Every structure is written in structure tokens, then in C-alpha cells.
Amino acid sequence: MDNVKNILKDKLSAENMEKLAAIKNSKLHDFVAWAVELANPDSVFVCTDSDADRDYIRKRTIELGEEIPLATKGHTCHFDNYNDQARDKANTKYLLRADADETKSLNWVEREAGKKEVHSYLKDSMVGRQMIVAFFCLGPIDSQFSIPCVQITDSSYVCHSETILYRPGYEQFQKIGDSPEFFRFIHTAGELTENKTSKNLDKRRVYIDLEDEMVYSTNTQYAGNTVGLKKLALRLAIQKALREGWLAEHMFVLGAHGPEGRVTYFTGAFPSACGKTSTSMLPGQTIIGDDIAYLRIIDGKARTVNVEKGIFGIIQNVSPEDDPIIYEALTTPGEVIFGNVLVGEDNMPYWLGMGKELPEKGYNHSGQWHKGKTDDQGNEITPSHKNARYTLNISELKNKDPRLDDPEGVEVGGVVYGGRDSDTWVPVEQAYDWTEGIILKGASIESETTAATLGQEGVRKFNIMSNQDFLSMPYGQYINANLDFGKRVDKEPAVFSVNYFLRGKDGKFLNAVSDKIVWFMWAELRVHGDTDGIDTPTGVIPKYEDLVELFKKYRNKDYSKDEYVEQFKIRVPENMAKLDRIEKIYKEEISDTPQIVLDTFAKARKRLQAMADKYGDYISPFDLASN
Ligand code: SPV
Ligand code: MN
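Here is a short report on the structure shown in this document.

Calculation notes
- Residues numbered from 1 in each chain as written.
- Chains lettered and ligands numbered in written order.
- Predicted model: local features only at pLDDT ≥ 70, side-chain atom pairs only at ≥ 80, totals over all residues.
- Heavy atoms only, no water.
- Donors = N, O, S within 2.8 Å, 3.2 Å for Na, K, Ca; no water.
- Helix = DSSP H or I, 4+ residues; strand = E, 2+ residues; numbered from the N terminus.
- Buried < 20%, exposed > 50% of the residue type's maximum accessible area, 1.4 Å probe, protein only.
- Disulfide = S-S within 2.5 Å.
- Pairing = 2+ DSSP bridges.
- Near = heavy atom within 4 Å.
- Polar contact = N/O pair within 3.5 Å; in protein donor to acceptor, adjacent residues only side chain to side chain.
- Areas by Shrake-Rupley, 256 points an atom, 1.4 Å probe, with all protein chains shown as cover.
- Domains from an automatic or database assignment.
- Expected span 1.5 Å × (residues − 1).
- Phe/Tyr/Trp six-rings, centres within 6.5 Å; stacked < 30°, edge-to-face > 60°.
- Lys NZ or Arg CZ within 6 Å of the ring centre and 35° of its normal.

1. Some words on the coordination of the manganese ion (ligand 2)
Move 1: Bound to the manganese ion (ligand 2) on the protein side are Lys-231 (NZ), His-250 (NE2) and Asp-291 (OD), at distances that span 2.1 to 2.3 Å.
Move 2: Binding-site remark: the manganese ion (ligand 2) is held by donors from one chain whose sequence spacing is K-x18-H-x40-D. Here Lys-231 is found in helix H9 (residues 228–244), whereas its partner His-250 is found in the loop between strand S12 (247–249) and strand S13 (252–257), with 19 residues between them in sequence.
Move 3: Lys-231 sits in the buried class, given a relative accessible area of 6%.

2. Section: the state of the cysteines
Move 1: With the rule as written, the count across this model stands at 0 disulfides.
Move 2: Free cysteine: Cys-149, not disulfide-bonded; nearest cysteine sulfur from Cys-137 at 7.3 Å.
Move 3: Not engaged in a disulfide, the cysteine Cys-159 finds its nearest cysteine sulfur in Cys-47; these two sulfurs lie 4.3 Å apart.

3. Remarks on the sheet that holds strand S24 (residues 389–393)
Move 1: The strand order across the open sheet formed by 5 strands is S2-S3-S19-S24-S18, and the pairing between neighbours is mixed. Edge positions in the sheet fall to strand S2 (68–69) and strand S18 (310–314), since each has one partner strand and no second.
Move 2: Looking at chain direction, S2 and strand S3 (residues 75–78) are connected through 2 bridges and run antiparallel. Its bridge partner being in S3, Ile-68 is matched across the sheet by Cys-77.

4. A closer look at the pairing of S13
Move 1: Most of S13 is tucked away: 5 of the 6 residues are buried.
Move 2: In this structure, S13 lies alongside strand S14 (residues 263–269), joined through 6 bridges in antiparallel fashion. Bridged to Leu-254 within S14 is Phe-266.
Move 3: The loop that links S13 with its antiparallel partner S14 comprises 5 residues; one of these, Glu-260, has a positive phi angle of about 50°.
Move 4: Pairing analysis gives 3 bridges linking S13 to strand S15 (residues 286–289), with the strands arranged antiparallel. Note on S15: the bridge partner recorded for Val-253 is Gly-289.

5. Some words on the site of ligand 1
Move 1: Arg-87, Tyr-222, Gly-224, Lys-230, Lys-231, His-250, Ser-272, Asp-291, Phe-312 and Arg-389 make up every residue found near ligand 1.
Move 2: His-250 places a polar side-chain atom, nitrogen or oxygen, 3.2 Å from an oxygen atom of ligand 1.
Move 3: Ser-272 has a polar side-chain atom sitting 3.0 Å from an oxygen atom of ligand 1.
Move 4: Considering ligand 1 on its own, with 280 Å² of exposed area, one finds that the protein chains cover 92% of that surface.
Move 5: For the shell around ligand 1, the two domains that each supply at least three residues are domain 1 (2–64 + 90–244) and domain 2 (248–309 + 404–625).

6. Describing helix H13 (residues 475–488)
Move 1: For H13, built from 14 residues, the straight-helix expectation of 20 Å at 1.5 Å per residue is met to within 8% by its first-to-last C-alpha distance of 20 Å.
Move 2: Looking at H13, one finds that the buried residues are Tyr-475, Gly-476, Tyr-478, Ile-479, Ala-481, Asn-482, Leu-483, Phe-485 and Gly-486.

7. Comments concerning the pairing of S14
Move 1: For S14, the buried fraction is high: 6 of the 7 residues fall into the buried class.
Move 2: In terms of strand pairing, S14 meets strand S25 (residues 410–418) through 5 bridges, oriented parallel. Note that in S25 the partner of Phe-266 across the bridge is Gly-414.

8. Quick word on the packing of aromatic side chains
Move 1: A full pass over the atoms with the stated rule returns 33 aromatic pairs.
Move 2: Ring centres of Trp-519 and Phe-551 lie 5.7 Å apart, and the angle between their planes is 80°; this geometry places the pair in the edge-to-face category. Of this pair, Trp-519 sits in helix H14 (residues 516–527) while Phe-551 sits in helix H15 (residues 544–555), and the two are 32 residues apart along the sequence.
Move 3: You can call Trp-519 buried: its relative accessible area is 1%.
Move 4: Of the residues examined, Phe-551 reaches a relative accessible area of 0% and is grouped as buried.
Move 5: Taken together, Phe-252, Phe-266, Phe-270, Phe-496, Tyr-500, Phe-501, Phe-509, Phe-520 and Trp-522 form an aromatic cluster joined through their ring pairs.
Move 6: Over the face of the ring belonging to Phe-31 we find Arg-184, whose NZ or CZ atom lies 5.1 Å from the ring centre.
Move 7: The ring of Phe-622 carries Lys-561 above its face, with NZ or CZ at 5.8 Å from the centroid.

As C-alpha cells, this is what we get:
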């Protein structure tokens, strides 16, 4: 204990020492002392919830060149290394014992060897720098959902991002006393280039210690690798949730405004770049969150909260037409961090698909940029990166839901799963029950790769509940936890699939980007049993008359029978092929597939076959409606 005090006293000013001492938690003090000894900073800044401390962090980002101030008040821009623009999946590993169950399905490194490696990258990493110790809370504060977190980092950008994205946690820590129940994150950007970006990307690591509920991140700055409370915490939370009987999901939370002022909350899981953020911002509706949700059963009801309070969103294609509310927030004064966009000579941010002409030169993730500039590989460098981002407070948005910070969360009316699918799923469909929803929808998500991702285009990638990248347990256990959740609630939330990406024979999308409002408003009615649907082999689809009304109301569009049939016909061969693909994964690649998954696939297959025998391979909804 004395030793801990001495280590801390050596690097913390009296003021910072006082701030830390106000939290009487021995595990926390040990953690900070351990980090100080290892990373060897010149000094330590303890960031409380106060405005003064938050301002200090904002100022530091500029002083240190981690963010540059832009022309609009409150706007700054941060750059990551040209090769540090996304989550590093290969170097994100779980620290596991060689005999752990998880080794069968997760990317892992032997626990002791992994720790030793990452400790070596942390060793003396903060010499000449200030270490930041900051406190945040996952979920609303003072709530059953809250998980206190401490972030140690040498990046004021990481801390600044967290002040926007998460609720403050210093006071929460004071309340938990000596409890060891909190997540710990330690990050170093490592040695920096002259552009202040992480230099030693060969030593970029994200190592997750499930036993200690702690994550190490080194030699990277991209927020998906460094902001502890985001995807690093999600991996810890998924395990914690399994132990405690709740769910941690890669889901938005949307308030859908139905008839007579009714608000029905949906959670929705979509893989990256499938319209998740724009769905959470549907026009006329209200947003609680766009990325991560916790779901708990409280008094027999499924309830959910946004783990975050801000958005770290993809900026490409945010235009006044497609995302008017975000566009406005990005172009008016207020606190926004732009990441990896183009900064023009007018000191304004520019990005691809913003709906206006971009300058031909400026500054971007490659340094000074001009149109036609190529990288080492001879590839043309785009003005903004395809994964360029913005970070802002949801409270800055006009469509924020009033219950954003409700400690009780909101009741989940429906759960929606979607992916990028050109030829199989109908635009919207309700599963027959929770079990079928989890298995045939969530656990069967696939998403097609786009031109924007590396590798071949149009390849379907399996992505269980769109949580695949963050799963920290064997798949079967995760599916069982989801199935079990539905059994323990008084009333199962309705489960839906949506597909915005269906294409016709000519390769064109069958729906407009804005049609998604119609699918959600139909789902809103279904949650309350306000309308019947049509039973199909794959689930319940909307009746034509309902869609005519909803298209008129929400899209001011006359919806034709031909469009309906083309969009909602049941494609038997494609659905069978999908079942084959998914079943193969569950049989061959996953070692703990619950029997119910295979039984449910068999049931779905049988229903498809029976209908195909009667109506052929492509079944018009009108045939089924007349049954
Ligand atoms: C995602 O890719 O799902 C994101 C951004 O939300 S990241 O922080 O990189 O995970
Ligand atoms: Mn995400």
C-alpha cells in the first residue's frame, strides 16, 4: 500500500493526488500505480467530470497536435496513420489459457505470453508524456445497467472522444467504494510520426483479458482500437452479460412513433456499412443510440439502454438529402471531432458524398493532399477515407429521444436484424416467435462485401447478430443466452428481419434508401398486433393494402402491385441456398451448435419445400394471402 502511494506521489501533483484519493478504491489505485511504473510518464492528469478538466483535455488535443481546430466553432479534426484507419481484427486477440473453451472459436494468444508482449510495448511508452486517468460509465449513470470504467491513455484525443461518447464516471467511482467491479483500459499511441500519428503499426495490438476485465491497446489511434468503452468494452460486456443473464449487443435503439403518440422502441443489429446509423435516425422518429445496447429483464420486461451518449459515425455519404439532421450538426457550431476527412485551405472539413464539390487540395490522412496523389502502392488517395468518421453528442441532435438517459431504459418492442443481401430476404418480415427470430434471423445474418471493402465484391460474410467481431465466447453459448433471454420475459419482443439491398434482374436496387421508414412503421403496428400479416415459409410479411397506406403516408408514393410482388415474393432457391450455407457453418465450423439451431433450420427448409411444391420456386405473396 505504501509502495502504491509512493509511486503515485512521485508522478501526481498534489491536486491530481487529491482527485484520485477521493475515490477510495484499492483496485483502482493499484491499477494506476502499476500503469505508472510500467509506462513511466512524466506526470499524471486525473480527469474528473468537471468542466475544467474536460476543457483541459480539449485544449491538450490542440496543443499536442492530436486534433486541429477547424473554421467552425467547436469543430476539430483528428488524423490516424494512413495505415491505421480501421479496427485491426488480426491483432485483436483474447488473452486465454490454452485449455479454455474460447480458444476454439476466438482469435487468441496464450495469456502469459500475450501479457508479456503487450507489457513490453507499454514499457516506458509514456516517457516525456502525461498519462491521463479518466472515468466514464457504460450505460446511464446510477442505473442497473451502469458499468464504471477507467481509461488510462497517453492520447488526449482518446479521452476527448470518450467525453463525447460516454457518460461521466468519476462520481460513479466515488459511489462504488472499494468494489472491484469495473472495467479497466490502458492505451498508448506509442511512438508518433511527425504528423502525430502512431508510428510502429507492426506493434499495434488490442489484447483482451476476460479474467481481469481489462483491455490493452498499443501503437494505434483509430478509435475502434483505442476508445476503451467502445468495442473493447463490448467484448468484456458480452462475457459479463452471459454470467449475469443479460445481453450486450451491437445494436442501435430507435423510438418509432406510431399512431396516437405511441412510441415503440426497437433495437437493431446490422453489420458495418449496412445503414445502421441512418436507420437509428429515421425521419420523424427519435434516436436513443446508434451502435451498442445492453438489454436486461426488469420486472419481467425486456428493457434496453444506449451504452453510449454519442455517435462515432461513418461520414461518407452524409448529405443534406440523405441524413439532414446529422448534416446540420456537422455544419453548425458545436462539439464535433472529424476523423480522417479532407481539410480544405479554408479550414473546413470535406468528405466523399457530402453533396458538394470537394477542393482539389488540402490536408488529409496522407498529409498534404492534392487530387491525383497516389500512395506507395500506386493507389490513388481519396480526399477523405472511406471510413472517415465524426464524433458528436446525441444531445446535439434535434431528433434525440427524451428518454436517452433514463436509468430504467426503455421497453424493447421489437428487435430487428439486417444485412446487405441482394437476392434472398424480403425487405421486411416478422419471425414467427423469438426462437425463430434469434436462429433464422439474428444467427443467420450474412452481409455482402462492397466495393468499399478490400477483396472481392459481393461475397457473403456470415456475421452472427452482427456481433461476430466482438464475440468473446463460443457461438453456441451466445445463441443459448439469446434464446434464454426471450424465455425469461413475460412477453417476447417481436423479431424482424429487414433487407434494404434487394436487387432486381437488372442489378438495380428494388427500393429507395428512404423506403426503410415504411418497414419500420409496419413493424411498429405488428408489435402491437394492430394489423395482420401474411404467413409465408420464412415468416410473416406485410399485406399489400397496409404497404399502400404506409407508402402514401410516409413516402407520399403510390405503391404498385408489381413492386410489391417483385419485392416480397418468396425466393425459395435463394432461401434454401442460404440455409445450406449457414447450416454448413454451424455444422462444420462451430463446435458447440445447439441442436435447436439445426432443428429450426430443418423446420424452415420443410416449410419452404412444401410451399414450393404447391406454388413453384418464386411464390407471389398474393398466392399466400388467399390461403
Ligand atoms: C463499427 O465498425 O461497427 C463501428 C466503428 O461502430 S468502430 O468503432 O470501429 O467499431
Ligand atoms: Mn459498430
